[in-house]
Amino acid sequence: MHHIPLLDLKLLYDRQAGEIRAAMDRVLESQEFIMGPEVAAFERDMEAFLGGEARALGCSSGSAALVLVLMALGIGPGDEVIVPPYSFFATASCVALVGATIVWADVEPGSLNIDPAQVAAKITPRTRAIVAVHLFGRMADMDGLAAAVAASGQEITLIEDAAQSLGAAYKGRRSCTIGEAGCTSFFPSKNLGCFGDGGLVTARDEALAKRVDILRKHGAEQKYFHDVVGLNSRLDALQAAILRVKLPALQGWCDERRANAARYRDLFAQTRLDARVTLPADDGPDGAYHHIYNQFNLLVDDRDGLQAHLKAQGIGTAVYYPRPLHLQPCFASTGAQPGECPVSEAAALRALAIPVYPGLEPAQQEAVVEAIASYYA
Ligand SMILES: Cc1ncc(COP(=O)(O)O)c(C=O)c1O
């Protein structure tokens, strides 16, 4: 029996426990828990990480970040927002929450990211924005999406859902620095996770950043004076202090994930599983996509059987995502039918994420691949 979890957060915590506890103590001693110097300092650290290409604003979660951006763009009833159906729920629910219309564009078979050709076909005069999810840590085809927008001749905002991709890059540009706005999550399982919920909005435009700043504080630029209706959606000072310790380690963790992914590719190449196991897209031609593998997601035959087999051997896996968003009952009003987004629907049946976390040992990776090979033998 192995003990190989999908993710081992304790291992990373142990590497930094002293520093993290000291940072938390600093906040406890200050008793300043809402906004304040820790949040401001973390936002400056994030802006430096993004090469000064965007403003950074902490908020309460990645889901809240998406809602804040749509609100700040003034998107609402009568507007259409194009999203991929193969993603986490919040990618689409944010559109419903602001009263706008969800328009589904299927994903590409290889990368499982939103397909620019599908997007181009879905643009109408009412399209206001596109949410480009960088699924599993590999960025979407940002040039393809920009070309689709340009061809429409309309003003359409490209929003990056970077919840899984902080540290990834496309043609040398980091995620959150290409679209007009970016949204990321510090949910514990993300590559940069905090100790609860947390998120970040990035904005390339100062005026947009200003609107998000006001909206995350109940729409009040000055406390108790409200010109617009906003949310209570701030990043906690404790989370900001923790994130300040973790951020300098992020690139190293991403490198470890990339090395683990490369080792999996070598190990799978030695098996004869090609017909049954499809490996995730890699960095692509010329390394255009710097993939940071928030997940190493396989597409496999008989997924549920394989998952049970691995679980019985003590190997953790997860299914992202078992039901594509366009077929969720809560979005029935979009009128989407089974068969409408076939790539997403096939991925939902075949996807299985295997452990790729920093600190995973080569011998553990060998055990994972052996266990998969033994299932199909
Ligand atoms: C693609 C994507 N978008 C948005 C979110 C929402 O982030 P949060 O869980 O911080 O609200 C997540 C997190 O799971 C995600 O994976």
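Note that this is a predicted model, so its numbers are computed, not measured. (Residues numbered from 1 in each chain as written. Predicted model: local features only at pLDDT ≥ 70, side-chain atom pairs only at ≥ 80, totals over all residues. Heavy atoms only, no water.)

**Q** Any details on the packing of aromatic side chains? Residues and values, ideally.
**A** Applying the stated criterion across every chain, the model contains 13 aromatic pairs. Between Phe89 and Phe331 the ring centres are 5.4 Å apart and the planes differ by 20°, which places this aromatic pair in the stacked class. You can see Phe89 sitting in the loop between strand 2 (80-83) and helix 4 (90-97) and its partner Phe331 sitting in the loop between helix 9 (303-312) and helix 10 (342-350), a full 242 residues away along the chain. Given the relative accessible area of 4%, Phe331 is considered buried. Aromatic side chains Tyr170 and Tyr289 sit 5.2 Å apart centroid to centroid with 55° between the ring planes, which places their arrangement in the tilted category. Pair noted here: Tyr170 is in strand 6 (residues 169-170) and Tyr289 is in strand 13 (residues 289-290), with a separation of 119 residues, a long-range link. We note that Tyr170, like Tyr289, is buried. Taken together through their ring pairs, the aromatic side chains of Tyr86, Phe136, Tyr320 and Tyr321 make up a single cluster. (Phe/Tyr/Trp six-rings, centres within 6.5 Å; stacked < 30°, edge-to-face > 60°. Helix = DSSP H or I, 4+ residues; strand = E, 2+ residues; numbered from the N terminus. Buried < 20%, exposed > 50% of the residue type's maximum accessible area, 1.4 Å probe, protein only.)

**Q** Could you give an account of the sheet that holds strand 13, with specific residues and numbers?
**A** Pairing is antiparallel across the open sheet formed by three strands, whose spatial order is 7-6-13. Two strands in the sheet have a free side with no partner beyond their single neighbour: strand 7 (173-174) and strand 13. As defined by bridge partners, strand 6 adjoins strand 13 across two bridges and the pair is classed as antiparallel. The partner of Ala169 across the bridge, within strand 13, is His290. (Pairing = 2+ DSSP bridges.)

**Q** Any chance you could break down helix 6 (residues 142-152) for me, citing the residues and the numbers?
**A** Because an α-helix completes one turn every 3.6 residues, residues spaced three or four positions apart along the sequence face the same direction. Every buried residue belonging to helix 6 is among Met142, Gly144, Leu145, Ala148 and Val149, and all of these are buried. End-on, the buried residues of helix 6 take up no more than an arc of 165°, which puts them together on one face. Exposed and oriented more than 90 degrees from the buried face of helix 6 are Ala150 and Ala151. Residues of helix 6 that are buried sit in contact with helix 5 (116-122), strand 4 (127-133), strand 5 (157-161) and strand 6. Looking one or two residues beyond helix 6, the residue adopting positive phi is Gly153, at roughly 70°. (Arc of directions from axis to C-beta. Contact = heavy atoms within 4.5 Å.)

**Q** Can you explain the domain arrangement of the protein chain? Please cite residues and give values.
**A** When the domains of the protein chain are assigned, the result is domain 1 (9-244) and domain 2 (250-376). One C-alpha centre belongs to domain 1, the other to domain 2, and the line joining them spans 24 Å. The partner domain 2 presents 38 residues to the 43 residues of domain 1 that form the contact. When domain 1 packs against domain 2, close to 3,400 Å² is buried across both sides, 63% of that on carbon and sulfur atoms. Sorting the residues of domain 1 by area buried against domain 2 places Phe136, Arg138 and Asn191 first, and these three jointly supply 22% of that buried surface. At the junction of domain 1 with domain 2, the criterion picks out one salt bridge. Note that Arg15 and Glu256 form a salt bridge whose closest N and O atoms lie 2.8 Å from each other. In this assembly, domain 1 and domain 2 are joined by 19 residue pairs in polar contact (both at pLDDT 80 or more). Elements with a contribution of two residues or more to the side of domain 1 that touches domain 2: helix 1 (9-30), helix 4, strand 3 (101-104) and strand 6. (Domains from an automatic or database assignment. Buried area = accessible area lost by both parts, 1.4 Å probe. Salt bridge = Lys/Arg side-chain N within 4 Å of Asp/Glu carboxyl O. Polar contact = N/O pair within 3.5 Å; in protein donor to acceptor, adjacent residues only side chain to side chain.)

**Q** So, the site of the ligand: which residues are in play, and what are the values?
**A** Around the ligand there are 16 residues in total, and Gly62, Ser63, Asp161, Ser185 and Lys190 lie nearest to it. The backbone of Gly62 places a nitrogen or oxygen atom 2.8 Å from an oxygen atom of the ligand. If the ligand stood free it would expose 390 Å²; the protein chains cover 94% of that surface. Here the shell around the ligand gets three residues from one element, more than from any other, and that element is helix 3 (residues 62-72). Here the shell around the ligand is composed, by residue class, of six nonpolar, eight polar and two charged. (Near = heavy atom within 4 Å. Areas by Shrake-Rupley, 256 points an atom, 1.4 Å probe, with all protein chains shown as cover. Nonpolar A, V, L, I, M, F, W, Y, C, P; charged D, E, K, R; others polar.)

**Q** So what's going on with the packing of helix 8 (residues 237-269) against helix 11 (residues 362-376)? Which residues, and what values?
**A** One can describe the packing of helix 8 onto helix 11 by two numbers: an axis separation of 10 Å at closest approach and a directional angle of 40°. Between helix 8 and helix 11, the angle falls in the class oblique. By crossing handedness, the relation of helix 8 to helix 11 is classed as right-handed. Two secondary-structure elements touch here, helix 8 through Asn260, Arg263, Tyr264, Leu267 and Phe268 and helix 11 through Pro362, Gln365, Glu366, Val368, Val369 and Ile372. When grouped by side-chain class, the residues that make up the contact of helix 8 with helix 11 number seven nonpolar, two polar and two charged. (Axes fitted to C-alpha atoms, helices over the stretch in contact; angles between N-to-C directions. Parallel < 35°, antiparallel > 145°, perpendicular 65-115°, else oblique. Left-handed = near helix turned anticlockwise from the far one by under 90°.)

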